[in-house]
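# Understanding the architecture of this molecule
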Amino acid sequence: MINVSIRTDLYYVGNIYDLDKLIRILRETYGRRLQGYKYYGGKVTWGEINGISDLPLSVEDYVEPGLYRLREGYRFRHSSVSPKLFLLPSKQIYIVESNDFSQAKVLDYNVSIQYVLFGIKPCDLNAINVLDRMIGEKNPVYAHRRRSISAIIVEECLEPNNNCFCGVMNSGPFVEKDFDIAYARLDDKRVIFKYGSSFGRDVLSKLELRIAGEKEVYEYLEKTKLARERTSAVFKKSMKEIQESLMNKARDKELWLKISENCVGCGNCNFVCPTCFCLEFDYSINGEDQGVKIANWTGCLLYSYGQVAGGHFRPELYTRYRHFILHKFVFYPRQIERLGCVGCGRCITWCPMSIDLRECVNNAISG
Amino acid sequence: MIRVAFLKLTSCSGCLNQSLVALLSNEELLGKFEFAYFTELGLLTEDYFDILFVEGSVSNSKQEKELREFRKKSKTLVALGTCAVQGGIQSLRSGEDVEEVKKTVYPFPDKIDIYSDPKPISDVVKVDFAITGCPINGDAVVNFLRKYDVGGLPLILPESVCCECKRNGLTCVMVAQGTPCLGPVTVSGCGALCPSFQRGCYGCYGLRTWDLDKTRLEKFFDKLLKLGAPESMIQVIARGYGYRSYKYVRRG
Ligand code: SF4
Ligand code: SF4
Ligand code: SF4
Ligand code: SF4
Ligand code: SF4
């Protein structure tokens, strides 16, 4: 991917069939393979995008804390999956080795394929940035897969869903850098495009779109502004105050017990979070003489997460929930100089106990 | 040769059958282990065992005695399945007056030796290793034997069923369909079998009682009630797979 930040005032307008054209050009002219949110069998999962029928174009996600429904519409935000599924798969084969440990082979990933992430969301793009800083070259699987991504095409959000709070986390609902092409749906038919790299400009020029009129650009900017405002009015204090307050209250056991009282430690929040990257290793023996080391997703909300030889470092559930919040808001910034939460709201939507991270943070800083 | 025994207490033989199928499909293992005691195969040598697998819960004093004797003859004891580990489906009768039931069914109720509350085997003997599931996943037994053979034990990381559900890329039936699901409070190991068929988990691997106290379980069951699950279902679920969990949950 080309990381050039091109501030452009050039917008183009087309319709949803231009997305089909875009997919075809990327596949046929440029020989790329596309990965993104895929509509299949009444659900939106992650997968290969081969044409417009793979895109979630005529559905929208209605969400509340602990509730997700896909219904007719044209404003799809996201589902429980994210680009993490591609970059940091849930079960990664790390090493295959012989029984006596004399031979080991790190599995090779096919890096000759050039992938394009298609239709990911602004929050997703920011989540990738978090993972890049946090994992980067440290994990061979991630590094290989990350390198295989040759371009990123973002779908911006003009109408966030109920659980989105990307604005306050400075991760959406629009993008300004680190993308090649971005588009947004003005309504169920019209699509507005912009480019963020020279590659993006070249590809867009092949679509033969018309240049957007002043009214359309105004409409786009106005909706973007509203969406940003809507996803920003979330916390009672500024981010700096939140961070200070969280640290000051980190040792208040009663407070955290109260905040986490409904949590059952199932780990769904960790798994759906696009920036949670924790893995656990599992050795299994394959037949007579082969062992396989597999890295599986794990998460700090799980009891097993704190199990170590000789004991357990977070046996109480409240300490695990507390860690989740502290890691996202306080520890990531210390580790990678940016917040670990991008405000996508997945942990809120997919929590079977309907626990709302926004509310928990607010309670923590005011309680 | 490593000597292995399978002892059956109150249970349905599902775990034994799963083990058998798994063992027969891994021929290279059969050469390393000698199956000494396995009543369903007519193997009845009772001298000593390296590994004793126990299926079923303890339902009467005769079984209790037998289990104690087998424990003395065995180096390692593995509890096999939710009955052995937590009491299993027969725990549905926990808390009922079994004397009353005996009177209505049998002409000589005194002759029936049975406990009201079935016991998980750990109430009677020391358990070295537990494999949960109703029935267990046969791969877990194979994995255990392979690791034992190379001088170790498998490392089991008991999590919630949700972990396997999410790793397998399934869409949550609870959040996306409103179907009550016990996955969040149930021990993993099945590979999220029920959610992969769009139905809710019904807790057959047992509730995660080491991590969740009564209050949290109550809150979880309240959530299921809100989703439309009847109270009777919750009673059955909470009692049906675990004597332990039974103690946690309100009586109907
Ligand atoms: S916050 Fe919700 S999703 Fe996360 S572990 Fe607790 S109950 Fe599960
Ligand atoms: S913590 Fe929650 S809102 Fe923040 S990035 Fe993770 S899933 Fe999204
Ligand atoms: S919040 Fe928990 S699971 Fe997520 S990255 Fe941090 S420690 Fe790992
Ligand atoms: S969090 Fe923001 S960028 Fe992400 S889907 Fe919601 S509105 Fe879009
Ligand atoms: S379907 Fe059940 S097991 Fe799967 S994530 Fe949802 S609550 Fe958990």
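Calculation criteria
Residues numbered from 1 in each chain as written. Chains lettered and ligands numbered in written order. Predicted model: local features only at pLDDT ≥ 70, side-chain atom pairs only at ≥ 80, totals over all residues. Heavy atoms only, no water. Domains from an automatic or database assignment. Contact = heavy atoms within 4.5 Å. Buried area = accessible area lost by both parts, 1.4 Å probe. Nonpolar A, V, L, I, M, F, W, Y, C, P; charged D, E, K, R; others polar. Helix = DSSP H or I, 4+ residues; strand = E, 2+ residues; numbered from the N terminus. Core = buried A, V, L, I, M, F, W, Y, C linked by side-chain atoms within 4.5 Å. Buried < 20%, exposed > 50% of the residue type's maximum accessible area, 1.4 Å probe, protein only. Pairing = 2+ DSSP bridges. Axes fitted to C-alpha atoms, helices over the stretch in contact; angles between N-to-C directions. Near = heavy atom within 4 Å. Salt bridge = Lys/Arg side-chain N within 4 Å of Asp/Glu carboxyl O. Polar contact = N/O pair within 3.5 Å; in protein donor to acceptor, adjacent residues only side chain to side chain. Phe/Tyr/Trp six-rings, centres within 6.5 Å; stacked < 30°, edge-to-face > 60°. Lys NZ or Arg CZ within 6 Å of the ring centre and 35° of its normal.

## A look at the domain arrangement of chain B
Residues and elements named next belong to chain B. Here chain B is partitioned into domain 1 (2–149) and domain 2 (161–249). Each of domain 1 and domain 2 was reduced to a C-alpha centroid, and the two centroids are 25 Å apart. If you look at the interface, domain 1 gives 22 residues, while domain 2 gives 15 residues. For the domain 1 and domain 2 pair, buried surface summed over both sides reaches about 1,400 Å², with 48% attributable to carbon and sulfur atoms. When residues of domain 1 are sorted by the area they lose upon contact with domain 2, Q86, L92 and C134 head the list and together hold 35% of the total. Counted by class, the side of domain 1 that touches domain 2 contains eight nonpolar, 11 polar and three charged residues.

## Observations concerning unusual backbone geometry
All names here are of chain A. G172 connects to P173 through a cis peptide bond whose omega is 0°. The phi angle at D178 is positive, at roughly 65°, despite the residue not being glycine. Tracing the sequence through the fold places D178 in the loop between β9 (149–155) and β10 (181–185). Positive phi values are uncommon outside glycine, yet E208 reaches one of about 55°. Along the chain, the position of E208 falls in the loop between α5 (198–205) and β12 (210–211).

## Describing the environment of A:L88
All names here are of chain A. Within the secondary structure layout, L88 lies in the loop between α2 (84–87) and β6 (91–98). C-alpha of L88 to C-alpha of L302: the two residues are 214 residues apart in sequence and 19 Å apart in space. Apart from the residues lying within four places of it in its own chain, the contact partners of L88 are I135, N139, Y142, C276, F277, L279 and W297.

## Brief notes about the nonpolar core
All names here are of chain A. In this structure, L246, Y321, F324, I325, F329 and L357 are the most contacted members of the largest nonpolar core, which totals 99 residues. With 10 residues, helix α10 (residues 317–336) is the single largest residue contributor to this core. Non-local contacts of L357, meaning those with residues more than four positions away in its chain, are made with F165, Y321, F324, I325, F329, C341, C347 and I348. Formed by 26 residues, the second largest nonpolar core is a distinct cluster that contains L26, L57, I181 and Y195.

## Let's talk about the sheet that holds strand β4 (residues 49–55) of chain B
Backbone-to-backbone hydrogen bonds join strands into a sheet, with any given pair of strands oriented parallel or antiparallel. All names here are of chain B. One open sheet accounts for six strands, arranged β3-β2-β1-β4-β5-β6; its pairing is mixed. Only two strands of the sheet have a single neighbouring strand rather than two, namely β3 (43–44) and β6 (129–131). Where strand β1 (residues 2–8) and β4 come together, five bridges link them in parallel fashion. Counted as the bridge partner of F6 is F53 from β4. Lying over the sheet, helix α1 (residues 14–24) contacts β1, β2 (33–38), β4 and β5 (74–80), oriented at roughly 150° with respect to β1. Packing against the sheet, helix α6 (residues 138–149) makes contact with β1, β2, β4, β5 and β6, and its axis sits at approximately 165° to β4.

## Regarding the site of ligand 5
Contacts to ligand 5 come from A:N268, B:V161, B:C162, B:C165, B:K166, B:C172, B:V173, B:C181, B:G183, B:P184 and B:P195. At four residues, the largest contribution of residues to the shell around ligand 5 is made by helix α7 (residues 161–167) of chain B. Partitioning the shell around ligand 5 into residue classes produces eight nonpolar, two polar and one charged.

## Looking at the site of ligand 1
Around ligand 1, 13 residues are found, and the nearest of them are A:C263, A:C266, A:G267, A:C269 and A:C351. Considering only residue class, the shell around ligand 1 consists of 10 nonpolar, three polar and no charged.

## Digging into the interface of chain B and chain A
Taken together, the contact pairs 32 residues of chain B with 41 residues of chain A. A combined buried area of about 3,100 Å² lies between chain B and chain A, and 55% of that area is made up of carbon and sulfur atoms. In terms of surface lost to chain A, no three residues of chain B exceed B:R167, B:V175 and B:R216, which account for 23% of the buried area on that side. Between the two partners, chain B and chain A, sit two salt bridges. A:R320 serves as the salt-bridge partner of B:D211, at 2.6 Å between the closest nitrogen and oxygen. Seen at the junction of chain B and chain A, the total is 16 residue pairs in polar contact (both at pLDDT 80 or more). Of all the secondary-structure elements, those providing two or more residues to the side of chain B that touches chain A are α6, α7, α8 (173–177) and α9 (214–226) of chain B. In terms of residue class, the side of chain B that touches chain A is made up of 14 nonpolar, six polar and 12 charged.

## What to know about the packing of aromatic side chains
Residue and element names in this part refer to chain B. According to the stated counting rule, one finds 25 aromatic pairs over all chains in the structure shown. Centre to centre, the rings of Y37 and F49 are 6.4 Å apart; their planes meet at 55°, and the pair counts as tilted. Here Y37 is found in strand β2, whereas its partner F49 is found in strand β4, with 12 residues between them in sequence. The class of Y37 is buried, set by a relative accessible area of 7%. Note on F220 and F221: the rings are 6.1 Å apart at their centroids and 65° apart in plane angle, and the pair reads as edge-to-face. Each member of the pair, F220 together with F221, is buried. Within the aromatic cluster, the residues linked to one another by ring pairs are F6, F35, F38, F53, F129, F144 and Y148. When the ring centre of Y48 is taken as origin, the NZ or CZ atom of R3, which lies over that ring, is 5.0 Å away. The residue whose ring lies beneath K73 is F70, and the NZ or CZ to ring-centre distance is 5.0 Å.

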